[in-house]
Amino acid sequence: MSSDAMPERSAMAAELALGLLEGAERATALRLLLSDAAFAAEVDGWRARLAPLYDGFADIAAPAGLMERIDGLIDAEEANDKPAPIAMIAPRNAASGWKAATFAASAIAAVLALALLWPSPSIEPRPATNPDMAVAQLTGPIDGLLLTARYDGSTSEMLVRVEGMPVTETEPELWIVPADGQPRRLGRLMRGGVTRIAVPEGHRKFIDPLSNLILTMEPKVLPDPDKPSAPAVAQGRLQRI
Amino acid sequence: MRVAQQDREALRTVYAMTSAKLHGVCLRICIDRGAAEDVLQNVYLKVWQRAGSFDPAKASAIAWLCAIARNAAIDWRRSQRYEDPLPVDLAETLVDETADPSAALAQDGDRAQIFHCMSELEPARATAIRAGFFQGLSYPEIAEAMDKPVGTVKSWIRRGLMQLKECLSREQ
């Protein structure tokens with residue numbers, strides 16, 4: 001056997017990742033992927049190895065109007081999924097089950113958006129669940145204003161990126177609103193770019209998916225550092241990643 | 001309602017940031033413009049419906065989305081084969097993918113690495129691997145395009161991938 005021959009199973013993992021397999025071979029590989037953790041790890045390894053090749057695909061502008069078409073299809077699907085309020089007598093828990101399903105269905109879009117806005121320089125393997133990383137995207141009625149926040153529990157720092165902040169006399173102030181509904185001040189943000197906030201020790205326990213981040217526009221001197229003096233102009237829920 | 005609106009915004013953000021790349025993937029593999037558009041549309045619907053799970057520990061968001069688009073485009077391509085075989089254009093694959101190291105590539109050593117390792121492969125091996133990755137061709141299609149037996153192409157690709165793996169681990 002020559003030195004560069006690959007064991008059959010490793011070859012199959014690579015071929016599955018590359019998309020070469022068809023028919024019965026592909027079915028066998030997919031079954032292994034589900035049943036054999038070592039094989040699945042090999043496939044993951046190949047996917048990760050080949051992923052940088054995606055840079056070799058040229059960017060080609062998507063057809064005009066496609067996003068509107070996608071929006072329309074989602075609208076239609078959601079209209080179909082909603083229980084009819086009058087004709088159908090659904091038990092309470094069935095209705096809340098639908099809401100929970102919708103919530104889960106769309107959350108991935110937010111996580112992806114954040115991951116795209118905060119690309120990691122490199123993907124390091126790390127434990128599948130990292131309880132100390134949370135992200136949020138804040139939007140509101142101001143057109144184009146978008147804040148993305150990422151909290152890293154290992155440093156207790158929150159990085160907040162501000163885009164599309166209009167010119168105002170007031171200053172952007174970030175707050176965390178946990179389940180009790182009381183805002184706690186996190187700090188003043190720069191009007192653009194990334195602001196680094198050291199989250200005070202007393203507030204770290206509020207970093208959970210029940211909390212929202214809100215942005216208010218405050219006078220240069222905060223009237224009361226313990227509560228906002230203006231309504232929220234952007235808000236977003238924290239999500240664990 | 002607010003959450004739903006925010007999530008729609010998030011989907012639009014994802015679309016704005018990725019649709020050109022994913023369209024490039026779909027069009028290269030499907031060749032047919034209409035089919036590429038349909039596949040692209042379904043990719044974002046899948047994202048919305050959360051088909052599959054995104055794990056940031058395993059892949060970057062863009063790589064995850066590209067993989068969904070590429071797999072969907074390959075599925076479409078294979079479903080067409082018996083009705084109306086698509087043209088196989090190896091000349092396109094012979095265009096050197098390394099010739100265009102974009103700014104992103106230059107900044108990211110890991111990314112540039114695989115292009116460097118590809119360039120070290122014997123040309124036939126690299127061509128066969130590129131045909132699989134960039135055009136979504138199967139073994140028989142690559143064999144036909146390169147006018148070689150399937151067994152030969154299989155051996156080229158397997159050996160090429162082995163070398164690629166060694167090269168990537170050596171230079172890490």
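Only a predicted model underlies this, so the values are computations on that prediction, with no experimental measurement involved. (Residues numbered from 1 in each chain as written. Chains lettered and ligands numbered in written order. Predicted model: local features only at pLDDT ≥ 70, side-chain atom pairs only at ≥ 80, totals over all residues. Heavy atoms only, no water.)

A. Main features of the nonpolar core. With 87 residues, the main nonpolar core has L50(A), I70(A), L112(A), W64(B), I142(B), I157(B) and L161(B) as its most contacted residues. In this structure, I142(B) is in contact with L20(A), A128(B), A131(B), G132(B), L137(B), V153(B) and I157(B), ignoring residues within four places of it in sequence. By size, the runner-up hydrophobic cluster in this structure holds 25 residues, among which are L147(A), L189(A), I197(A) and L213(A). (Core = buried A, V, L, I, M, F, W, Y, C linked by side-chain atoms within 4.5 Å. Buried < 20%, exposed > 50% of the residue type's maximum accessible area, 1.4 Å probe, protein only. Contact = heavy atoms within 4.5 Å.)

B. Just the packing of aromatic side chains, in detail. If you walk through the whole model with that rule in mind, you get six aromatic pairs over all chains. Between the aromatic rings of F57(A) and F133(B), the centroid separation amounts to 5.9 Å while the plane-to-plane angle is 40 degrees, which identifies the pairing as tilted. Of this pair, F57(A) sits in the loop between α3 (37-50) and α4 (66-81) while F133(B) is found in helix α7 (residues 123-135), placing the two residues in two different chains. Both residues of the pair, F57(A) and F133(B), belong to the buried class. Members of the aromatic cluster, connected to one another through ring pairs, are Y54(A), F57(A), F133(B) and F134(B). R70(B) extends its terminal NZ or CZ atom over the ring of F133(B), reaching a point 4.5 Å from the ring centre. (Phe/Tyr/Trp six-rings, centres within 6.5 Å; stacked < 30°, edge-to-face > 60°. Helix = DSSP H or I, 4+ residues; strand = E, 2+ residues; numbered from the N terminus. Lys NZ or Arg CZ within 6 Å of the ring centre and 35° of its normal.)

C. Examining the interface of chain B and chain A more closely. Taken together, the 79 residues of chain B in the interface contact 70 residues of chain A. Both faces considered, chain B and chain A share a buried interface measuring about 7000 Å² in area, 62% of it formed by carbon and sulfur atoms. The largest contributions to the chain B side of the interface with chain A come from W48(B), F133(B) and R158(B), which together make up 10% of the buried area. On the surface where chain B and chain A come into contact, there are eleven salt bridges. When the shortest N-O distance is used, the salt bridge between R158(B) and E15(A) registers 2.8 Å. Across the chain B-chain A interface, the total number found is 17 residue pairs in polar contact (both at pLDDT 80 or more). If you tally residues by element for the side of chain B that touches chain A, the top one is helix α1 (residues 2-30) of chain B, at 22 residues. Tallied by class, the residues present in the side of chain B that touches chain A amount to 43 nonpolar, 13 polar and 23 charged. (Buried area = accessible area lost by both parts, 1.4 Å probe. Salt bridge = Lys/Arg side-chain N within 4 Å of Asp/Glu carboxyl O. Polar contact = N/O pair within 3.5 Å; in protein donor to acceptor, adjacent residues only side chain to side chain. Nonpolar A, V, L, I, M, F, W, Y, C, P; charged D, E, K, R; others polar.)

D. Structural view of the pairing of strand β5 (residues 184-188) of chain A. Residues and elements named next belong to chain A. In terms of strand pairing, strand β4 (residues 171-177) meets β5 through four bridges, oriented antiparallel. Residue pairing for β5: L174 is matched across the bridge by G187. Hairpin connection between β4 and β5: a loop of six residues separates the two successive antiparallel strands, and G181 in this loop has a positive phi of roughly 85 degrees. (Pairing = 2+ DSSP bridges.)

E. Broad picture of α3(A). Helix length check: α3(A) (14 residues) gives 20 Å between terminal C-alpha atoms against 20 Å at 1.5 Å per residue, within 8%. Of the residues that open α3(A), the one with a side-chain oxygen 2.9 Å from the backbone nitrogen of A38(A) is D36(A). (Expected span 1.5 Å × (residues − 1).)

F. Here's a closer look at the environment of A29(A). Assignment of secondary structure puts A29(A) in helix α2 (residues 23-35). Those residues in contact with A29(A) that sit more than four places away from it in its chain are M12(A), L16(A), L21(A) and F39(A).

G. Local environment of the state of the cysteines. Residue and element names in this part refer to chain B. One pass over the structure, following the stated rule, counts one disulfide over all chains. The residue that forms a disulfide with C117 is C167, at a sulfur-sulfur distance of 2.0 Å. Because the torsion about its S-S bond is -75 degrees, the bridge between C117 and C167 counts as left-handed. You can see C117 sitting in helix α6 (residues 109-120) and its partner C167 sitting in helix α9 (residues 150-170), a full 50 residues away along the chain. The same class applies to C117 and to C167, which are both buried. No disulfide involves C66; its nearest neighbouring cysteine sulfur is the one of C26, lying 9.2 Å away. (Disulfide = S-S within 2.5 Å.)

H. How the structure looks around the pattern of salt bridges. Tallying each qualifying case throughout the model produces 23 salt bridges over all chains. With a shortest N-O distance of 3.1 Å, E8(A) and R158(B) are connected by a salt bridge. Placement of E8(A) in helix α1 (residues 8-18) and of R158(B) in helix α9 is noted, with the two residues assigned to different chains. Note that R47(A) and D44(A) form a salt bridge whose closest N and O atoms lie 4.0 Å from each other. Placement of the pair is R47(A) and D44(A) together in helix α3, with a separation of three residues, close to one helical turn.

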